[in-house]
Amino acid sequence: AGQWSKIPSLRYIAATREELERRVHALMAETGLGEAVAGESVLGGGSTPDQSVATCLFAIRQSPERLEKQLRLHEPPIITRIEKGALLIDLRAVEP
């Protein structure tokens, strides 16, 4: 931890799947929406295009395309992805 925890990108990478699962469940309780699903966080492009780590995703199956557009137009934009009919939000890169 120490000084490395002061660098957001390193702090995001170091987050455990369990930490992220707790955050997803808290978001589910707060919003009354979604479900927790296992997934992978892609660490980045450039020097690490194929590296990923296990994560827990917040998944919403109701109107994923409409919700994705609303979130992308939000200020600041919220970047999501749609897979298998569900809107997926990876909280790894979202400040708690």
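I keep staring at the overall build of the protein and nothing clicks. Help me out?
What the protein contains, in helices and strands, is three helices and four strands. Tracing the protein from N to C terminus, the helices and strands come up as α-α-β-β-α-β-β. Relative to its length of 96 residues, the protein is compact, with a C-alpha radius of gyration of 14 Å against a globular reference of 12 Å. Its C-alpha atoms give the protein principal-axis dimensions of roughly 40 × 30 × 25 Å. Relative to its full complement of 96 residues, the protein shows a buried share of 27%. Sequence separation of 24 or more characterises 50% of the internal contacts of the protein that already satisfy a separation of 6 or more. Summed over all atoms, the accessible surface of the protein reaches about 6,500 Å², with 57% contributed by carbon and sulfur. Of the side-chain charges in the protein, 12 are positive and 13 negative, and the distance between the mean point of each set is 2 Å.

What is the right way to look at the nonpolar core in this model?
In summary, soluble globular proteins display a tendency toward joint burial of nonpolar side chains. Grouped together as the largest cluster of nonpolar side chains are twelve residues: Ala15, Leu20, Val24, Met28, Cys56, Phe58, Ile60, Leu67, Leu71, Leu87, Ile89 and Leu91. For this core, the secondary structure elements donating two or more residues are α2 (17-31), β2 (52-60), α3 (64-73) and β4 (86-90). Those residues in contact with Cys56, other than ones at most four positions away along the chain, are Arg17, Leu20, Glu21, Val24, Ala36 and Val37. Among the nonpolar cores identified, the runner-up in size contains five residues, and Val37, Leu57, Ala86 and Leu88 belong to it.

Is there a simple way to think about unusual backbone geometry in this case?
Trans peptide bonds make up most of the peptide bonds, and negative phi angles are found at most residues other than glycine. Following Glu75, the chain continues to Pro76 via a peptide bond in cis, the omega torsion being 0 degrees. Here Pro76 is to be found in the loop between α3 and β3 (81-83). Positive phi is not limited to glycine here, since Ser63 has a value of about 50 degrees. Checked against the element boundaries, Ser63 lands in the loop between β2 and α3. Judged by relative accessible area, Ser63 falls into the partly exposed class, the value being 35%.

Whenever I open this one, the pairing of β4 confuses me. Can you help?
On a regular strand, one side chain projects to one face of the sheet and the next to the other, so that they alternate. Within β4, five of the five residues are buried, which leaves the element mostly enclosed by the surrounding structure. A two-sided burial pattern is seen for β4, the buried positions comprising Ala86, Leu88 and Asp90 on one face and Leu87 and Ile89 on the other. Where β2 lies against β4, four bridges are found, and the strand directions are antiparallel. Bridge pairing in β4 links Ala59 to Leu88. Two strands pair when backbone bridges link them, and β3 and β4 are joined in this way by three bridges, in the antiparallel orientation.

Here is what the cut-offs are and how they apply
- Residues numbered from 1 in each chain as written.
- Predicted model: local features only at pLDDT ≥ 70, side-chain atom pairs only at ≥ 80, totals over all residues.
- Heavy atoms only, no water.
- Helix = DSSP H or I, 4+ residues; strand = E, 2+ residues; numbered from the N terminus.
- Rg over C-alpha atoms; globule rule 2.2 N^0.38 Å.
- Buried < 20%, exposed > 50% of the residue type's maximum accessible area, 1.4 Å probe, protein only.
- Contact = heavy atoms within 4.5 Å.
- Areas by Shrake-Rupley, 256 points an atom, 1.4 Å probe, with all protein chains shown as cover.
- Lys, Arg positive; Asp, Glu negative; His and termini not counted.
- Charge placed at Lys NZ, Arg CZ, Asp CG, Glu CD.
- Core = buried A, V, L, I, M, F, W, Y, C linked by side-chain atoms within 4.5 Å.
- Pairing = 2+ DSSP bridges.

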